[in-house]
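What the coordinates show
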Amino acid sequence: GAEANAAFAAAYDQLVALGRQDTERAGTLLNNWGMLLGALGRPREAEQMLRRSIAVSIAGGSDARVDPISWSNLARMVLDLGRYDEATALAERAMRQARARGDTVVADQAQLMAARANSAAGHAARAEALLVSGDRAGARKDFQVLGSRAVDDAERFTFLLREADCLESAARAAAFLREHC
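Worth saying up front: this structure is predicted, and the values here are computed from it rather than measured. (Residues numbered from 1 in each chain as written. Predicted model: local features only at pLDDT ≥ 70, side-chain atom pairs only at ≥ 80, totals over all residues. Heavy atoms only, no water.)

1. Some words on the packing of aromatic side chains
Enumeration according to the criterion identifies two aromatic pairs in this entry. Measuring from ring centre to ring centre gives 6.3 Å for Phe8 and Trp33, while their planes differ by 10°; the resulting arrangement is stacked. Taken together, the residues span a long stretch of sequence, with Phe8 in helix α1 (residues 2-17) and Trp33 in helix α2 (residues 24-39) at a distance of 25 residues. Assessed through its relative accessible area of 22%, Phe8 is described here as partly exposed. Considering the side-chain rings of Tyr12 and Trp33, the 6.3 Å spacing of their centres and the 50° angle between planes classify their relative orientation as tilted. Separated by 21 residues along the polypeptide, Tyr12 in helix α1 and Trp33 in helix α2 bring together distant segments of the chain. Of the residues examined, Tyr12 reaches a relative accessible area of 12% and is grouped as buried. Trp33 gets classed as buried once you look at its relative accessible area, which sits at 9%. Connected via pairs of aromatic rings, a cluster forms that spans Phe8, Tyr12 and Trp33. If you follow Arg93 out to its NZ or CZ, it ends over the ring of Trp71, 3.9 Å from the centre. (Phe/Tyr/Trp six-rings, centres within 6.5 Å; stacked < 30°, edge-to-face > 60°. Helix = DSSP H or I, 4+ residues; strand = E, 2+ residues; numbered from the N terminus. Buried < 20%, exposed > 50% of the residue type's maximum accessible area, 1.4 Å probe, protein only. Lys NZ or Arg CZ within 6 Å of the ring centre and 35° of its normal.)

Laid out in structure tokens, this is it:
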């Protein structure tokens, strides 16, 4: 970890020395460096790098030039820092932009991030709605797909519990409708 961090620092210093700190290459380097810092358990520094990466992409233009994965990466670090509402907004932005570009992989990752942020903030219904996309019939499939993309066993277990809760709710709703309609 420390060697990779030093390599990123050296590479960035070279870009600065060449006057190329505001280029797409610099933005990519800052984004990757930020993700490394996050993996090293340094989310505050990671957030700073990711914001610098986004600033490079925005410089001289609009935020439409920012790759949706950059917003999603920033959402992950902000979530790790406990700023759930901000993480939700960033993840939803990434999700919208990724969908607009037809990037379903990033859109799905951002959707998962938005659900995690909502869940952490105590907005279980919003988190569940994101996960099932409002489609109760497709809920089981959604949970299985998103669960297969989980990064660890704890996340997979969380999906399993959500899937069980969703299916139990659907069964109760169906029973209620049979009795009262």
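From this point, the discussion proceeds with the structure in view.
2. Comments concerning the pattern of salt bridges
The final tally for this structure, using the stated rule, is five salt bridges. Across the pair Glu45 and Arg42 runs a salt bridge, and its minimum N-O distance is 2.7 Å. Residue Glu47 is joined to Arg83 by a salt bridge in which the shortest nitrogen-to-oxygen separation is 2.4 Å. Of the two residues, Glu47 sits in helix α3 (residues 43-58) while Arg83 sits in the loop between α4 (68-80) and α5 (84-101), which places them 36 residues apart along the sequence. Look at Arg83 and you get partly exposed, because its relative accessible area is 31%. Among the charged side chains, a salt-bridge network with shared partners connects Glu47, Arg51, Arg83 and Glu86. (Salt bridge = Lys/Arg side-chain N within 4 Å of Asp/Glu carboxyl O.)

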